[in-house]
Amino acid sequence: RWGGHHLQDGPKNLKTVGGRTKDMADDLAPAVDAGSDVDVVSAQEVQGAGMLGRRDEQQQMILLYYCYVTIECVESHAQFHTNTCKATSLNGRIRVSTEGINGVLSGRGHDLREYESKLRHELTTSLIAPPNGGSAPSNNIDLDMKYCHLRKDIPVHQQLFDSLSVRVTREVVSLVETPQSKSKGGRSRCRQRRRQRRKEKDMELDCRDTCLVDWKNEEAATHLSPSEWNAALLRASEASEGGLNKGDVLIDVRNVYESNIGHFAVPNLQTLMPNTRKHSSMADVFNSETTAKALAGRRVFMYCTGGVRCERAGSYLKGISESNSGAWKGMEPPSAVYQLKGGIQNYLEQFGDKGEVATIKQGKDDEKLCLYRGRNFVFDPRRTDPVIGSGMPSSGKSEKVSVVGKCMICNCPHDDYDNNHAPCENKEARCFRCRILVLICDPCRKMYTCWGEAEEGKPILHCGKNGAVCIDRGNSTEQIRITQY
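Residues numbered from 1 in each chain as written. Predicted model: local features only at pLDDT ≥ 70, side-chain atom pairs only at ≥ 80, totals over all residues. Heavy atoms only, no water.

Examining the overall build of the chain
A count of helical and extended segments in the chain gives 14 helices and 17 strands. A buried classification covers 58% of the 485 residues belonging to the chain. About 20,600 Å² of surface is accessible on the chain, with carbon and sulfur atoms providing 47% of the total. (Helix = DSSP H or I, 4+ residues; strand = E, 2+ residues; numbered from the N terminus. Buried < 20%, exposed > 50% of the residue type's maximum accessible area, 1.4 Å probe, protein only. Areas by Shrake-Rupley, 256 points an atom, 1.4 Å probe, with all protein chains shown as cover.)

What follows is the structure in structure tokens.
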């Protein structure tokens, strides 16, 4: 059940997943301790304090991290992670490639800190070349790390990884599908996937010239801290309302089932929702006429769960838009490309709702407005992070929004794919045909049959409008949506 692209919907039984993890998206996000009243702790706060608090030292937590750094001997570095994790009793998933590392681990705070310390030492002494040919190692590494606690509504043991998978991969994050990457997915298990591959092959000739762009040599998008991101978007919103903004655009580079339960919503600012099923489809999204027309000559602000997907997405967008080929032939490239540093996870640590309060104070009088609405989908046993965004009101409205998901049948507010079950119980709602995650509230679900459930005379649930038909959700660039809040 959990081979190939379906893993992007989140891990189910990690023993089953094991070494078969494919396309672990960048955003293997963090988790929180059941019954704990301690807020999410950022890596910067942890490093500034020099250690975790006494409670955090013993609490089970999750560490989310990535780092783009040249690794020449990937097998040796992968073995370092295996040995270190086993020595510190940590489980989770780690990707190691020649271009960097990406991982998410669970364990006690003390053990995670020990792992981080050893990893930093390994990176600075063994992997990073000395500056200017000197003999001393360089400490100039950009290791993005985040510590989080577990959800309060699920038992601790159901939110922790129960096995360790360290894999050598071609890339930290797979943005562009190649014949090699497709062949590793195993045999197709449903006809719609075979049709999609044929469609992609037909498009290959049209996109061949753009695929030759050496986009990885492009600089990544300019990083904005959560505070800088908020300030920039608020200024853009005010300028748009006053008719001074020629069109800044937000891009959510996550998948459709992620953005369905949470996203940034900035009044008066256009947002491009790719509505993809897997991150490797973003290359087609960026090379589509819809995207080219929406972004040409404009400032682009992109975001994802933890930041790693934006690292490559920003470079690819720059390369493809400046290539004067494909959908971008004759089009002006974006005037600037920015990304949210640390992603949604980092943003919500600063602006999200950790309790009943919708905003937090900056000084005595200044309030920081949260621009994110809803939940943050994560690729670990929790499914969603406990810190949510209350969001700014839409234009012309006064109420804030914290639940953006809706039941596909009755349209009531609903953002729980698992219908009050722990994700590891495998009770989530999925399209009966293509198996993508779908939102259906508890009362409506009793009247339908989802994928994996026995047919008992009830109507079968699909991913299309009102659950009537399967639209192969997320597998077509025709499903790109541009909206404004």
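Section: helix α4 (residues 74–87)
Its 14 residues give α4 an end-to-end C-alpha distance of 20 Å, which sits within 8% of 20 Å, the value for a rise of 1.5 Å per residue. Residues of α4 that are buried include every one of Val-74, His-77, Ala-78, Phe-80, His-81, Thr-82, Thr-84 and Cys-85, and no others. Two residues or fewer past α4, Ser-89 is found with a positive phi of approximately 60 degrees. (Expected span 1.5 Å × (residues − 1).)

Observations concerning unusual backbone geometry
The backbone of Arg-383 sits at a positive phi, close to 75 degrees, despite the residue not being glycine. What makes Arg-383 buried here is its relative accessible area of 3%. With a phi angle near 50 degrees, Asn-419 is a residue other than glycine that sits in the positive phi range. Mapped onto the elements of the fold, Asn-419 is located in the loop between β16 (389–390) and α14 (442–445).

Some remarks on the packing of aromatic side chains
For the structure shown, the criterion picks out 14 aromatic pairs. With a centroid separation of 5.9 Å and 50 degrees between ring planes, the pair formed by Tyr-65 and Tyr-115 is classed as tilted. With a gap of 50 residues between them, Tyr-65 in strand β2 (residues 60–68) and Tyr-115 in helix α5 (residues 109–127) connect regions that are remote in the sequence. We note that Tyr-65, like Tyr-115, is buried. Their ring planes at 75 degrees and their centres at 4.7 Å tell us that Phe-264 and Tyr-303 sit as a pair that is edge-to-face. Linking Phe-264 in strand β9 (residues 262–264) with Tyr-303 in strand β11 (residues 299–303), this pair joins segments that are 39 residues apart in sequence. The pair formed by Phe-264 and Tyr-303 is uniform in burial state, with each residue classed as buried. (Phe/Tyr/Trp six-rings, centres within 6.5 Å; stacked < 30°, edge-to-face > 60°.)

Here's the deal with the sheet that holds strand β12 (residues 336–340)
The 6 strands lie next to each other as β7-β12-β11-β8-β10-β17, forming an open sheet whose pairing is mixed. Edge positions in the sheet fall to β7 (222–224) and β17 (481–484), since each of these pairs with one other strand and no more. Ignoring strand direction, the axes of neighbouring strands in this sheet form an average angle of 30 degrees. For strand β10 (residues 270–273) and β17, the ladder comprises 4 bridges, and the chain directions are antiparallel. Of the residues in β17, the one forming a bridge with Met-273 is Arg-481. Packing of helix α12 (residues 308–321) onto the sheet brings it into contact with β7, β11 and β12, and relative to β11 it is tilted by some 155 degrees. (Pairing = 2+ DSSP bridges. Axes fitted to C-alpha atoms, helices over the stretch in contact; angles between N-to-C directions. Contact = heavy atoms within 4.5 Å.)

Re helix α13 (residues 343–351)
Across the 9 residues that make up α13, a large majority, 8, are buried. Within α13, the full set of buried residues consists of Gly-343, Ile-344, Gln-345, Asn-346, Tyr-347, Leu-348, Glu-349 and Phe-351.

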